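If you want the building blocks of each chain, they are given just below.
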Amino acid sequence: MYTAPFHYRRAASLTEAEEMFRSSDDARYLAGGQTLVPTMKQRLAAPADLIDIARIASLSFVRREANALIIGAGTRHADVAASQDVKNAIPALAHLAGEIGDPAVRHKGTLGGSIANNDPAADYPAGVLGLGATVKTTKRTIAADKFFTGLFETALEPDEIIIEVSFPLPRRAGYAKFPNPASRYAMVGVFVADFGSAVRVAVTGAAPFVFRMTEMEAALAKRFTPDAAAGIVVSPDGLNSDLFGSAEYRAHLITVMAKRAIAAAVL
Amino acid sequence: MTALSLTVNGKPVNADVEDRTLLVHFLRDHLLLTGTHVGCDTSQCGACMVHVNGRAVKSCTIFAVQADGDCIETVEGLAKDGVLHPVQAAFQEHHGLQCGFCTPGMIMTAIDMLGRHEQLDEATIRRELEGNICRCTGYLNIIKAIRSVAEAR
């Protein structure tokens with residue numbers, strides 16, 4: 001047995017999940033489990049109670065509204081990648097979902113699970129921040145700019161559950177990542193979104209958590225071309241450095257991925 | 001402990017398991033279905049691939065209790081009445097294995113991708129195999145085997 005002992009409980013509704021959480025001294029929610037289960041296997045997490053919210057059917061949906069695309073927090077990456085509504089409304093987001101991990105990971109992993117975990121190299125945080133999405137939870141709505149707060153840290157309270165994410169529709173958007181060849185996590189991933197009046201650029205994989213490149217946003221607002229991004233010199237200060245790549249290498253990758261993301265957006 | 005009730009290779013299975021039992025260990029140690037392998041144990045190699053409700057999933061990255069009520073298909077369920085599944089036959093025909101350790105996972109992934117794509121070119125097969133690692137690096141014949149099944153349909 002790899003993990004510490006725990007008590008598994010399956011919730012049929014959000015209300016039941018919250019009740020289960022409140023009745024425990026040490027609980028964690030489990031969605032697709034593609035990060036939490038490996039983390040528990042390494043005993044980096046050892047909750048006493050594991051509350052499975054993956055079967056709550058109301059959390060899994062894609063809905064197109066006039067000015068936004070709403071995706072349920074329990075929607076699997078594979079379903080987002082294959083959704084015609086997502087492909088029509090924000091093709092870059094369907095592309096991003098189809099780039100996460102590998103097919104088996106995409107069959108289990110969920111949007112809500114990914115952003116609640118806020119892995120520094122996860123793909124979805126770049127899409128959520130890059131599009132300026134709004135996260136709706138059991139308690140409130142949180143703007144993407146306020147949601148991601150640190151390494152594996154978010155604005156979520158321990159018992160709070162993400163219900164859905166609302167993505168505003170950009171004029172055009174693109175996502176490009178340089179994946180780690182083994183894990184498929186982003187060494188660097190860049191999401192660019194052109195809203196006409198404003199441009200947003202979000203970077204994952206490069207720093208302790210996803211961040212916006214405001215200098216590049218200003219340059220792209222004037223001219224939304226790969227060349228405009230190429231003129232921005234990215235400082236390696238504060239960027240991640242590990243056995244897969246130095247901070248300088250990641251700084252260079254940010255520009256390269258930004259150019260590719262813009263090229264994909266203007267295609 | 002949790003009382004599980006699920007379907008494995010078409011047969012109903014009831015068992016009491018400790019909640020922390022991974023699905024791969026439930027299959028191998030409780031049901032003695034040892035065709036599903038444990039390779040990297042870190043969700044990367046795909047040797048433990050099974051189908052849960054028709055979708056390829058890494059059984060080292062899911063607890064057995066999460067699959068309570070579900071339909072599981074393992075490599076042992078593929079051959080019918082002594083006749084190999086077309087994907088198994090293609091792996092044999094094209095020698096899509098060297099040591100064979102990754103083969104059950106490769107075959108379960110191949111069947112999953114064949115179900116999701118009407119057309120399968122080499123680039124798509126390679127992309128779809130991103131979650132399966134063959135440490136003999138015998139990918140060329142694996143790809144050949146999968147292509148032959150796609151083209152014979």
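Description of the structure in this document. Per chain, residue numbering runs from 1 following the sequence as it is written. Labels follow written order: the first chain is A, the first ligand is 1, and so on. Where local features are concerned, this predicted model is filtered to residues with pLDDT of at least 70; where side-chain atom pairs are given and counted, the filter is 80 or more; whole-chain, interface and lining totals use all residues. Only hydrogens and water are set aside when side-chain values are computed; all heavy atoms of the structure are taken into account.

**Quick look at the overall build of chain A**
Helices and strands together make up the secondary structure of chain A, namely 12 helices and 14 strands. Its C-alpha radius of gyration of 18 Å places chain A within 12% of the 18 Å reference for a compact globule of 267 residues. The principal-axis extent of the C-alpha atoms belonging to chain A is close to 55 × 45 × 30 Å. Burial status follows relative accessibility: with a 1.4 Å probe on protein chains alone, a residue under 20% of its type maximum counts as buried, one over 50% as exposed, and anything between as partly exposed. When the 267 residues of chain A are sorted by exposure, 57% land in the buried category. Contacts are assigned to residue pairs with any non-hydrogen atoms lying within 4.5 Å of each other. The long-range share in chain A, meaning contacts at least 24 apart out of those at least 6 apart in sequence, stands at 58%. Every accessible area reported is derived by Shrake-Rupley at a probe size of 1.4 Å, with residue values counting cover from the shown protein chains alone. Working note: accessible area of chain A is about 10,900 Å², and carbon and sulfur atoms make up 52% of it. In DSSP terms, a helix is any run of H or I states spanning at least four residues, a strand is any run of E spanning at least two, and both are numbered starting from the N terminus. Atoms counted for the radius of gyration: C-alpha only. Globule rule: 2.2 Å times the number of residues to the power 0.38.

**A look at the interface of chain B and chain A**
Opposite the 29 residues of chain B that make contact, chain A presents 37 residues. By buried area we mean the combined loss of accessible area, with a 1.4 Å probe, across both parts when two parts are placed together. Both faces combined, the contact of chain B with chain A buries some 2,600 Å², and carbon together with sulfur accounts for 51% of it. Should a side-chain nitrogen of Lys or Arg be within 4 Å of a carboxyl oxygen of Asp or Glu, the pair is scored as a salt bridge. Where chain B meets chain A, there are 6 salt bridges. With a shortest N-O distance of 2.5 Å, B:K58 and A:D102 are connected by a salt bridge. Pairs of N or O atoms within 3.5 Å make up the polar contacts considered here, provided that, within protein, one atom can donate a hydrogen while the other can accept it, and that residues adjacent in sequence are counted only when both atoms are side-chain atoms. Counting the contacts that link chain B with chain A gives 17 residue pairs in polar contact (both at pLDDT 80 or more). Of all the secondary structure elements, the ones that give two or more residues to the side of chain B that touches chain A are β4 (55-58), α3 (103-116) and α4 (122-128) of chain B. When residues of the side of chain B that touches chain A are assigned to their parent elements, the largest contribution, 4 residues, is made by β4(B). For this scheme, ten residues count as nonpolar: Ala, Val, Leu, Ile, Met, Phe, Trp, Tyr, Cys and Pro. Four count as charged, namely Asp, Glu, Lys and Arg, and the remainder, Gly too, count as polar. Taken together, the residues of the side of chain B that touches chain A sort by class into 9 nonpolar, 7 polar and 13 charged.

**Considering empty space enclosed by the protein**
All names here are of chain B. Two kinds of site are reported from a 1 Å grid over the protein atoms alone, namely cavities, where a 1.4 Å probe fits but cannot get out, and pockets, open sets with protein on both sides within 12 Å along at least five of seven lines, and residues are called lining when an atom falls within 4 Å of a point. Grid points are joined across faces, edges and corners, and a volume is the space filled by probe spheres set on the points. The final tally for this structure, using the stated rule, is 1 cavity of 30 Å³ or more. For the largest cavity, the calculated volume is near 40 Å³. Forming the walls of the largest cavity are 13 residues, and the residues nearest its centre are C40, D41, C45, C48 and C60. Here the lining of the largest cavity is composed, by residue class, of 6 nonpolar, 5 polar and 2 charged.

**Brief notes about unusual backbone geometry**
One non-glycine residue, A:R184, adopts positive backbone phi at about 70°. With a relative accessible area of 16%, A:R184 lands in the buried category. Here the phi dihedral of B:T137 falls at roughly 55°; this positive angle occurs in a residue that is not glycine. A relative accessible area of 51% means that B:T137 is categorised as exposed.

**Here we look at the pattern of salt bridges**
Taken as a whole and judged by the stated rule, the model has 20 salt bridges over all chains. In this structure, A:R184 engages B:E130 in a salt bridge whose closest nitrogen and oxygen atoms are separated by 3.0 Å. With A:R184 in the loop between β11 (172-179) and β12 (186-194) and B:E130 in the loop between α4 and α5 (139-152), the pair connects residues from two separate chains. Ionic contacts of the salt-bridge type, sharing partners, join the residues A:D145, A:R200, A:R212 and A:E217 into one network.

**Regarding the layout of surface pockets**
Picture a little ball the size of a water molecule; that probe, rolled over the atoms, points out where space is still empty. Put simply, the second largest pocket is a space of about 470 Å³. Among the residues forming the lining of the second largest pocket, the class breakdown is 6 nonpolar, 5 polar and 8 charged.

**Things to note about the environment of A:G205**
Residue and element names in this part refer to chain A. Structurally, the position occupied by G205 is in the loop between β13 (199-204) and β14 (211-212). By relative accessible area, G205 is classed as buried at 4%. When the C-alpha positions of G205 and F191 are compared, they lie 12 Å apart, and in sequence the two are 14 residues distant. Apart from residues no more than four positions distant in its own chain, G205 is found in contact with P120, A121, A186, M187, V188, N240 and R250.

**Focus on the pairing of strand β2 (residues 27-30) of chain A**
All names here are of chain A. Here the rule is simple: two strands pair whenever DSSP picks up at least two bridges between them. For β2 and strand β3 (residues 49-52), the ladder comprises 4 bridges, and the chain directions are parallel. Following the sheet pairing, A27 is matched in β3 by D49. We call a crossover right-handed when, viewed with the strands running away from us, the connection from the first strand over the helix to the second turns clockwise. Regarding the hand of the β-α-β motif, the stretch spanning β2, helix α2 (residues 36-41) and β3 is right-handed.

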